[in-house]
Amino acid sequence: MKIKYYLSLIVFLFSLIKVSATFACMDTTYVYSYDDSGNRIDRTIDFTKSAHLPNDNASSFDEDIIEEVLSDFEIHIYPNPTKGKLKVELTGIDDKKARILLLNIQGNTLINKNISNKINTIDLTRFPAGIYILRVSLEQSTSEWKILKN
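None of the values given here were measured: they were computed from a predicted structure.

Q: How should the overall build of the chain be read in this particular structure?
A: Within the chain, the regular secondary structure consists of two helices and 10 strands. Helices (α) and strands (β) of the chain occur, in sequence order from the N terminus, as α-β-β-α-β-β-β-β-β-β-β-β. Within the chain, the proportion of its 150 residues that are buried is 28%. Long-range contacts, defined here as pairs at least 24 residues apart, represent 42% of the contacts in the chain between residues at least 6 apart. As displayed, the chain has an accessible area near 10300 Å², and 54% of this comes from carbon and sulfur atoms.

This is the structure we're talking about:
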């Protein structure tokens, strides 16, 4: 009788551990690498979900959009994550000058340019996949975003 009770208790505890592990890892995606024999040799965590910001207006561009208001100007950055071409849309900029800086994760400047167009395209195709920082400066204000290149 005691063995049945302890066995039931152990099964119950394992089921609790499994349920809590499922909820803890719900937003985490793991990517596995295998050798030629089929043995798993590496496990990495895919952080691409952290680069997504939900937006109700994303359907108008069919892409994920980052929006922010900076010094009375509206900024839209899309798509993020990107495969190479990143668009930066500035509304209300008119004749004012803005500066875009693209930095790698170590803080090195990769792109530094003045812009005055409403829609600007930044070409990331020559850079490796990874996380980059996009800094947009308008007048006296500056804002930064994390950009993920696949």
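Anyway, onward from the coordinates.
Q: Where do I start with the pairing of strand β4 (residues 73-78) in this structure?
A: Within β4, five of the six residues are buried, leaving the element largely enclosed by the surrounding structure. In this structure, the hairpin formed by β4 and strand β5 (residues 85-91) is closed by a connection of six residues.

Q: Help me understand the sheet that holds strand β9 (residues 130-138), please; the structure alone is not making it clear to me.
A: In any sheet, the strands associate via hydrogen bonds between backbone groups, in a parallel or an antiparallel arrangement. Taking strand neighbours across the sheet as the criterion, the four strands line up as β7-β6-β9-β10 in an open arrangement whose pairing is antiparallel. Across the chains shown, the open sheet's two edge strands, defined by having one partner strand only, are β7 (109-115) and β10 (141-149). On average, each strand axis in the sheet is tilted by 15° relative to the strand beside it, whichever way the strands run. Pairing of strand β6 (residues 98-104) with β9 involves seven bridges; the strand directions are antiparallel. Bridge assignment links Arg99 to a residue of β9, and that residue is Ser137.

Q: Is there a simple way to explain the nonpolar core in this structure?
A: Leu90 and Leu134 are the most contacted members of the largest nonpolar core, which totals 21 residues. Of all elements in the fold, only β4, β5, β6, β7, β9 and β10 reach the threshold of two or more residues within this core. Ranked by the residues each element gives to this core, the list is headed by β9, at four residues. For Leu90, the residues in contact, after removing those within four places along its chain, are Glu74, Ile75, Ala98, Ile115, Asn117, Lys118, Asn120, Val136 and Leu138.

The rules behind these values
Residues numbered from 1 in each chain as written. Predicted model: local features only at pLDDT ≥ 70, side-chain atom pairs only at ≥ 80, totals over all residues. Heavy atoms only, no water. Helix = DSSP H or I, 4+ residues; strand = E, 2+ residues; numbered from the N terminus. Buried < 20%, exposed > 50% of the residue type's maximum accessible area, 1.4 Å probe, protein only. Contact = heavy atoms within 4.5 Å. Areas by Shrake-Rupley, 256 points an atom, 1.4 Å probe, with all protein chains shown as cover. Pairing = 2+ DSSP bridges. Axes fitted to C-alpha atoms, helices over the stretch in contact; angles between N-to-C directions. Core = buried A, V, L, I, M, F, W, Y, C linked by side-chain atoms within 4.5 Å.

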